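Chain residues, written in single-letter form:
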Amino acid sequence: MGLEGKVCVMTGATSGIGEVAAEALARQGARLVLIARDEARGEATLARLRAIAPAAAHRVHYADLARIAEMKRVATEIAAAEPRIDLLVNNAGALFTTREVTADGLEKHFAVNHVAYFVITLMLRERLVAAAPARVVSTASGAHYGARLDLDDLQYANGYRGFQAYQRSKLYNVMWTRELARRWAGTGVTVNCFHPGFVATRYGDNAGGLLAFGVRVGKKLVAISPEKGARTLVYLATSPEVAGITGGYFTRCALKTPSETAQNDAAARRLWDETARLAGMG
Ligand SMILES: NC(=O)c1ccc[n+]([C@@H]2O[C@H](COP(=O)([O-])OP(=O)(O)OC[C@H]3O[C@@H](n4cnc5c(N)ncnc54)[C@H](OP(=O)(O)O)[C@@H]3O)[C@@H](O)[C@H]2O)c1
């Protein structure tokens, strides 16, 4: 879609894949409304967007997406400020070597990488429908292929392993995208997710332990640039080729079959119900 005058809400735009994508979208005429957690990083990104497109009233709202109350507050703030949202990009995510529990009692991958996508998207539904045809694009990962689903232990209380917890959260992204597409069929809002590749961003830098070391070495040796990593995001946000596609998992700007587990519709419905209950949105 042409982006002149379009409103794009985006999380995780202060670094890596999201930052490059936000700049690309601004260059194509979009007005960016960012959700960031750190003021210095938020203002720096905003300054870059303003340098690219000084006439567009880019905005930044602050929230720590590890906390449900913050997800809800920032979504309410944005819904009040933006009557129409043409594009929502759920991209903020992180890796945690050791099990951390948020103020809401949620395992941190579950909260940041999954619940934040869920809460923000659902709370902006009316604004997206008002702009239809509109799009939701979420950053998932090829790491979901190795995930072992355990719906009885969503908070990974048993036998926690950092990378496996990350993989599970990215599996939830794919399952949730498919379920959301089913629920929003006929609204004029499409929802798709993608794998960006292994990308040299700040991903994993603060994860701690051997895992962070391994990711850092891997990034030096084989990772692609954030510019390449952002390509499928920008493609899903803008290309007329995907205008009618919803519920898809993409990589390298093409549809790809996700893992068998990711295609388990009954499990996706159960994940949805549990997430809604935990987020107080049941
Ligand atoms: N890099 C890869 O190889 C790779 C591969 C597959 C998928 N992904 C996914 O790509 C997405 C973007 O990651 P990236 O690689 O670009 O990493 P990154 O450089 O670390 O960027 C992560 C972004 O998420 C934000 N964020 C993290 N936790 C947050 C929180 N609690 N509240 C609000 N914002 C938060 C960060 O904000 P700050 O700037 O404040 O830190 C930053 O803007 C993630 O969903 C990641 O899982 C990455």
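Everything numeric in this text was worked out from a predicted model, so none of it was measured. (Residues numbered from 1 in each chain as written. Predicted model: local features only at pLDDT ≥ 70, side-chain atom pairs only at ≥ 80, totals over all residues. Heavy atoms only, no water.)

J.: Would you mind going over helix α10 (residues 265–278) with me for this structure?
T.: In this model, α10 (14 residues) spans 20 Å end to end at C-alpha, consistent with the 20 Å of a helix rising 1.5 Å per residue. In this structure, the buried side of α10 is in contact with α4 (108–123) and α6 (162–183). If you check the start of α10, you find a side-chain oxygen 3.2 Å away from the backbone N of A266, and it comes from N264. Immediately beyond the C-terminal end of α10, within one or two residues, lies G280, with a positive phi of roughly 70 degrees. (Helix = DSSP H or I, 4+ residues; strand = E, 2+ residues; numbered from the N terminus. Expected span 1.5 Å × (residues − 1). Contact = heavy atoms within 4.5 Å. Polar contact = N/O pair within 3.5 Å; in protein donor to acceptor, adjacent residues only side chain to side chain.)

J.: Which parts of the structure should I look at to understand the sheet that holds strand β8 (residues 254–255)?
T.: Hydrogen bonds between backbone atoms are what pair the strands of a sheet, whose relative direction is either parallel or antiparallel. What the eight strands build is an open sheet, ordered β3-β2-β1-β4-β5-β6-β7-β8; its pairing is mixed. Edge positions in the sheet fall to β3 (59–62) and β8, since each has one partner strand and no second. Pairing between strand β5 (residues 134–139) and strand β6 (residues 189–195): six bridges, direction parallel. Residue pairing across strands places V137 opposite N192, the latter belonging to β6. Sitting on the sheet, helix α2 (residues 39–52) is in contact with β2 (31–36) and β3, with an inclination near 170 degrees to β3. Helix-sheet contacts for α6 involve β4 (87–90), β5, β6 and β7 (249–251), and the interaxial angle to β6 is about 160 degrees. (Pairing = 2+ DSSP bridges. Axes fitted to C-alpha atoms, helices over the stretch in contact; angles between N-to-C directions.)

J.: Help me out: how do you make sense of the packing of α4 against α6 in this one?
T.: For any two helices packed against each other, the geometry comes down to the angle between their axes and how far apart the axes lie. Contact geometry for α4 and α6: axes closest at 8 Å, N-to-C directions at 20 degrees. Classified by the interaxial angle, the pair formed by α4 and α6 is roughly parallel. As α4 runs across α6, the sense of the crossing is right-handed. Mapping the contact onto sequence places H109, F110, N113, H114, Y117, F118, T121 and L122 in α4 and G162, A165, Y166, S169, K170, Y172, N173, W176 and L180 in α6. In terms of residue class, the contact of α4 with α6 is built from nine nonpolar, seven polar and one charged. (Parallel < 35°, antiparallel > 145°, perpendicular 65-115°, else oblique. Left-handed = near helix turned anticlockwise from the far one by under 90°. Nonpolar A, V, L, I, M, F, W, Y, C, P; charged D, E, K, R; others polar.)

J.: I'm lost on the site of the ligand in this one. Help?
T.: Around the ligand, the surrounding shell holds 30 residues, and the nearest of these are T14, S15, R41, Y166 and T201. Interatomic distance of 3.0 Å between a side-chain N/O atom of R202 and an oxygen atom of the ligand. Within the complex, the protein chains bury 96% of what would otherwise be the 890 Å² of accessible surface of the ligand. Residue assignment for the shell around the ligand shows that the elements contributing at least two residues are α1 (16–27), α4 and α6. Looking at the shell around the ligand, its residues break down into 14 nonpolar, ten polar and six charged. (Near = heavy atom within 4 Å. Areas by Shrake-Rupley, 256 points an atom, 1.4 Å probe, with all protein chains shown as cover.)

J.: Can you help me understand the packing of α1 against helix α9 (residues 231–238) in this one?
T.: Where α1 meets α9, the closest approach of the two axes is 9 Å, and the angle between their N-to-C directions is 40 degrees. Taken together, the axes of α1 and α9 lie oblique to each other. The two elements α1 and α9 cross, and the hand of that crossing is right-handed. Note on element contacts: α9 touches α1 through L233, V234, A237 and T238, opposite I17, A21, A24 and L25.

J.: Explanation requested: the packing of aromatic side chains in the structure shown.
T.: For any pair of aromatic rings, geometry is given as the distance between the ring centres together with the angle between the planes. Across all of its chains, the model carries eight aromatic pairs by this definition. Look at Y117 and W176: their rings are 6.4 Å apart centre to centre, the planes differ by 55 degrees, and that puts the pair in the tilted class. Of this pair, Y117 sits in helix α4 while W176 sits in helix α6, and the two are 59 residues apart along the sequence. Since its relative accessible area comes to 3%, W176 is described here as buried. (Phe/Tyr/Trp six-rings, centres within 6.5 Å; stacked < 30°, edge-to-face > 60°. Buried < 20%, exposed > 50% of the residue type's maximum accessible area, 1.4 Å probe, protein only.)

J.: Explanation requested: the nonpolar core in the structure shown.
T.: Generally speaking, nonpolar side chains in soluble globular proteins are found buried as a group. Judged by nonpolar contacts, the single largest core of 51 residues is most densely connected at V9, I35, L65, I78, V115, L124 and L128. For this core, the secondary structure elements donating two or more residues are β1 (7–11), β2, α3 (68–81), α4, β5, α6, β6 and α10. The element contributing the most residues to this core is α4, with eight residues. The contacts of I78, once residues within four sequence positions are left out, are V9, V33, I35, H61, I85 and L124. Counting 31 residues, the second largest nonpolar core, distinct from the first, contains A30, L34, V60 and A230. (Core = buried A, V, L, I, M, F, W, Y, C linked by side-chain atoms within 4.5 Å.)

J.: How do you make sense of the environment of T251 when you look at a structure like this?
T.: Among the structural elements, T251 can be located in strand β7. C-alpha of T251 to C-alpha of G159: the two residues are 92 residues apart in sequence and 31 Å apart in space.

J.: Is there a simple way to think about the pairing of β4 in this case?
T.: Every other side chain in a regular strand lies on the same face of the sheet, so the side chains alternate between the two faces. Side chains of β4 alternate between two faces, with L87 and V89 and L88 and N90 buried alike. Inspection of the sheet shows β4 paired to β5 by four bridges, in the parallel sense. Bridged to N90 within β5 is S138.

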